[in-house]
Amino acid sequence: MTATKLSSSCNQTIPSHLSLLTGLPPEKLGMRGNLSPFPEIELLERGGFVSLAQRLSAAGWYSAGIAANPLLSIESDESHLSPRHGFGSWDGLTRNDDWYEYLDWVHGHTWLGWLMPEGTARKSLNQVLRRLLYPTPARLHRFHFGEGAHTTDRAISILADLKQAEQPWLLFVNYMDVHAPYLPVSEQVDPFVEFDLRTSLRATVAAGGVDLEQSAELERLYLRELEDLDLQLGRLLVQVEKSLRPTLLVFTSDHGEMFGEHGQVEHG
């Protein structure tokens, strides 16, 4: 196996994934953050750029995607490029807060929804409502404990179907691990204690310092999550090898994490 050291094109999930799937940097995509509007497909195709899934589909491949991060399964209209664009099937975890139907009504029936750019009213108001309605800031973060095994189970199930077909295939598997909150399956970690640890380190760093003990503990939990993920990847690769077909494996990440380095905590 050949390892190549690369740098992520962006420190946020959606634009980084779109860069991975198109080969274009965020500046060319016109999407610098998760809240930016999705790129217009017509503008990209006018410049001769299409997504990886589109290229493979044109060459006779079947593309299937699995995404544990709900940001990757946000739907866009047919004129805009989302990470799932061009895939024959997409098995994505989504997160809908209880007030989504109300926000859809705001978008379609109020001056605020009409005047703000497509999707902006819903995204902005959703963040406001989360902060007002959730009793603690910790609830702003979805705890993804044990999702690695669930993602692997889904990937193995789809892989079994792909192996039955004669045509070549692309299987894109997105794991939420390794990602904050750092909650390794291999040990019991109170999610609120972990959240307070990150919050405290972030405040210390913002004040110009760094708590080495807090930093080391968060990085330890991060590495334990990585060990857990390695076991899940092993389960998946065993099934890939059983297909007895020539297979190209690509491991990559949309961003990394920091624990006080360069005055930063987490990412984004």
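Our structure is the block above this text.
Quick notes on the rules
Residues numbered from 1 in each chain as written. Predicted model: local features only at pLDDT ≥ 70, side-chain atom pairs only at ≥ 80, totals over all residues. Heavy atoms only, no water. Buried < 20%, exposed > 50% of the residue type's maximum accessible area, 1.4 Å probe, protein only. Helix = DSSP H or I, 4+ residues; strand = E, 2+ residues; numbered from the N terminus. Arc of directions from axis to C-beta. Axes fitted to C-alpha atoms, helices over the stretch in contact; angles between N-to-C directions. Parallel < 35°, antiparallel > 145°, perpendicular 65-115°, else oblique. Contact = heavy atoms within 4.5 Å. Nonpolar A, V, L, I, M, F, W, Y, C, P; charged D, E, K, R; others polar. Salt bridge = Lys/Arg side-chain N within 4 Å of Asp/Glu carboxyl O. Core = buried A, V, L, I, M, F, W, Y, C linked by side-chain atoms within 4.5 Å. Left-handed = near helix turned anticlockwise from the far one by under 90°.

Some points on helix H5 (residues 100-109)
Link 1 in the chain: Within the sequence span of H5, burial applies to Tyr100, Leu103 and Val106. Summarising the axial view, the buried residues of H5 lie within an arc of 110°, below the 170-degree limit, and thus occupy one face. Of the exposed residues in H5, the ones pointing more than 90 degrees away from its buried face are Glu101 and His109.

A closer look at the packing of helix H8 (residues 147-164) against helix H10 (residues 212-242)
Link 1 in the chain: Close contact between H8 and H10 brings their axes to 9 Å; oriented N to C, the two are set at 5°. The orientation of H8 with respect to H10, classified from their angle, is roughly parallel. Contacts from Gly148, Ala149, Thr152, Asp153, Ala155, Ile156, Leu159 and Lys163 in H8 reach Gln232, Arg235, Leu236, Gln239, Val240 and Lys242 in H10.
Link 2 in the chain: Taken together, the residues that form the contact of H8 with H10 break down as 6 nonpolar, 4 polar and 4 charged.

A look at the pattern of salt bridges
Link 1 in the chain: Across all of its chains, the model carries 11 salt bridges by this definition.
Link 2 in the chain: The partner of glutamate 187 in a salt bridge is arginine 224, and the shortest N-O contact between them spans 3.1 Å. Taken together, the positions of glutamate 187 in the loop between strand S3 (169-174) and helix H9 (191-206) and arginine 224 in helix H10 put the pair 37 residues apart, joining distant regions of the chain.

Quick word on the nonpolar core
Link 1 in the chain: If you look at the biggest cluster of nonpolar residues, it comprises 24 residues, and the most contacted ones within it are Ile158, Leu159, Leu162, Leu171, Tyr182 and Leu218.
Link 2 in the chain: Only strand S1 (62-67), H8, S3, H9 and H10 provide two or more residues apiece to this core.
Link 3 in the chain: The dominant element in this core, judged by the number of residues it contributes, is H10, at 7 residues.
Link 4 in the chain: The residues contacting isoleucine 158, other than those within four sequence positions of it, are Ala64, Ile66, Asp91 and Leu171.

Details of the packing of H9 against H10
Between two packed helices, both the angle of their axes relative to each other and the distance between the axes serve to describe the pair.
Link 1 in the chain: Taken N-terminus to C-terminus, the directions of H9 and H10 make an angle of 135°; their axes are 10 Å apart at the nearest point. When the interaxial angle is binned, H9 and H10 end up oblique. The two elements H9 and H10 meet at a crossing, and its hand is left-handed. Counted together, Glu194, Leu197, Arg198, Ser200, Leu201 and Thr204 of H9 and Gln214, Ser215, Glu217, Leu218 and Leu221 of H10 form the full contact between these two elements.
Link 2 in the chain: By residue class, the composition of the contact of H9 with H10 is 4 nonpolar, 4 polar and 3 charged.

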